[in-house]
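Given next are the chains, with one letter for each unit.
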Amino acid sequence: MENPLFRLIRFGWGLISLPDQVKRLIFIFVLLLIGWFAIRSRLVPETFGEKGHYRRAALEANAALPVAYVGQSDCVLCHEDVGDLKRKSYHRSVTCEVCHGPGAAHLEDPETNLLFQPKERGLCTLCHGYNSSKPTGFPQIDPMLHNPNDPCMMCHNPHDPKPPHTPAECGACHGEIARTKSVSHHASLACTLCHETQEIHKENPRLAIPGKPQSRAFCGTCHGETADSPKHIPRVELDSHGNGDLCWQCHYPHYPEVF
Amino acid sequence: MEKRQDGIDRRKFIKDLALAGTVIFIMGPEVKGAEIGEGEKSETHLYGMGIQVDKCIGCGRCVYACKEENNVPREPFFFRTWVERYIITVDQEVLVDSPEGGINGFPEAAKEYSILRSFFLPKLCNHCGNAPCVQVCPVGATFTSDEGIVLIDDEYCIGCRYCIQACPYGARFLHPEKKIAEKCTFCYHRLGRGLAPACVEICPTGARIFGELRLRSSPLTRFMRFNEIQVLKPDLNTQPKVFYAHLDGEVR
């Protein structure tokens, strides 16, 4: 006795009035097609292509990652005093978490997840250690010379790091220029000889920007042929020397060279 | 076998059948977007970053914060953002270094160089508008979001490294444990919560500026209006979205 299923198929097969070989071809083709969709639905992940050639779910997965740095505005909700102090200080642009590390865990449970308090000199010198690649004007100290044995916090409050007294030297902030000048022919000249500087510039630099020499005549006061200056200073013919261009287009004033 | 009752030429039928099959086969993989009618396009953001080179002090706090925020492997050769130091000597020699990506700051330059000029340069993924990494990904595991941010699908990446090869900025690396490509996401997870990327949040001198590219009033567009702007490797036509102000001509 033949399997009834086979008989049914055989019967259906007979109903289609096409040549047998065509029916076989169609049969194979339909199988291939089903196979294609089966494989495709397994390989192409869900949500793929909903927005573009990627899984939409990947966007959500990326967006759902946890945050570690919560931002200063959250810290000052509880630490209002520190916030008020820092807001008016030199460190106003330095956020809490630069020094204290990421605060997300502390926010959830301040008492158990205490934040780190960086007391050693290393953190401060990361920003303030002298480095000739740092931009001019950024306050820098030489850690080997600047009170080397004491923690910075002894003299500077990290939340309001006012220098105990106004720096005496321009080099505190213009370290690179000061160093360059100190080994140049102009080493003996005071910065203020060429830069008229108000005292307040050393306390709050951007309140009063010092002046700079404006004309050839300024350098001429020492280097002109007829200048009333010490004999050993080299002289040039002020009218003709250097085509009448500004002197510092050829000579760097902080390290004047003769080519 | 039944009797044939041809209403149609057999040859033509088979041809049509094959043709139809081919057409379906070709069209199969193309899934047309379901976005039609969603209509939220007009409100999407377009983000970019500005970097004011002459404000960077090379403290490396951005590199550190990035690792903390994004759980980047701590080994000193995996970075989503890093800082380079350029030294141009009086002999016009250009020296570039980035000890541990700058995460511990920079030691003072060696004394034997007589420095003409020197500066720090933060680098990161440029989130190219025309991203080579997205183009080469064989599976669609790296892609550009509507906000213009090039992201990675952690689950779907097969770790083939094509994208790492393709990136002209060296911004990608293979995660040593997860074995998937990784790179900066502009802290995509922070943006949705109204926070700036960690490196921007942490920068003590405001050398990094983050914001909208389409709004005229955003800090970024203001920064771009008031400064002369350059991008890295403009000749590659990658259309970067990280914009540098006061970039030195020697930067490669």
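Please read these numbers as outputs of a predicted model, since none were measured by experiment.

## Regarding helix α7 (residues 219–226) of chain B
All names here are of chain B. Buried within α7 are the following residues: Leu220, Thr221 and Phe223. Along the axis of α7, the buried positions cluster into a sector of 155°, meaning they face one direction only. Tucked inside the fold, the buried residues of α7 contact β1 (47–52), β9 (208–212), β10 (229–230) and β11 (242–245).

## Focus: a nonpolar patch on the surface
A grouping of Leu5(A), Phe6(A), Leu8(A) and Ile9(A) is seen on the molecular surface, where their side chains present a nonpolar patch of about 430 Å² in accessible area. Positionally, Leu8(A) belongs in helix α1 (residues 4–15).

## Here's the deal with the pairing of β11(B)
All names here are of chain B. Of the two faces of β11, the one lined by Val242 and Tyr244 and the one lined by Phe243 and Ala245 are each fully buried. Bridge count for β1 against β11 is 4 bridges, and the pairing is parallel. Counted as the bridge partner of glycine 50 is phenylalanine 243 from β11. Of the pairings in the sheet, the one linking β10 to β11 comprises 2 bridges and is antiparallel in character.

## Some points on the domain arrangement of chain A
Residue and element names in this part refer to chain A. On domain assignment, one finds that chain A holds domain 1 (64–117), domain 2 (121–189) and domain 3 (190–249). In this structure, domain 2 and domain 3 have C-alpha centres spaced 25 Å apart. If you look at the interface, domain 2 gives 9 residues, while domain 3 gives 7 residues. Carbon and sulfur atoms supply 61% of the area buried between domain 2 and domain 3, which totals about 680 Å² over both sides. If you sort the residues of domain 2 by the area they bury against domain 3, Thr166, Cys170 and Leu189 come out on top, with a joint share of 59%.

## Concerning the sheet that holds strand β4 (residues 115–124) of chain B
Residues and elements named next belong to chain B. The strand order β3-β2-β4 describes an open sheet built from 3 strands, whose pairing is antiparallel. The sheet is open, and its two borders are formed by β3 (94–97) and β4, each paired with just one other strand. Neighbour-to-neighbour, the strand axes of this sheet turn through a mean angle of 20°, independent of strand direction. Both strand β2 (residues 81–89) and β4 contribute to a ladder of 9 bridges, which runs antiparallel. Within the sheet, the bridge partner assigned to isoleucine 87 lies in β4 and is serine 118.

What counts, and where the lines are drawn
Residues numbered from 1 in each chain as written. Chains lettered and ligands numbered in written order. Predicted model: local features only at pLDDT ≥ 70, side-chain atom pairs only at ≥ 80, totals over all residues. Heavy atoms only, no water. Buried < 20%, exposed > 50% of the residue type's maximum accessible area, 1.4 Å probe, protein only. Helix = DSSP H or I, 4+ residues; strand = E, 2+ residues; numbered from the N terminus. Arc of directions from axis to C-beta. Contact = heavy atoms within 4.5 Å. Patch = residues over 30% accessible without salt bridge, like charges linked within 9 Å, V, L, I, M, F, W, Y side chains within 5 Å. Areas by Shrake-Rupley, 256 points an atom, 1.4 Å probe, with all protein chains shown as cover. Salt bridge = Lys/Arg side-chain N within 4 Å of Asp/Glu carboxyl O. Pairing = 2+ DSSP bridges. Domains from an automatic or database assignment. Buried area = accessible area lost by both parts, 1.4 Å probe. Axes fitted to C-alpha atoms, helices over the stretch in contact; angles between N-to-C directions.

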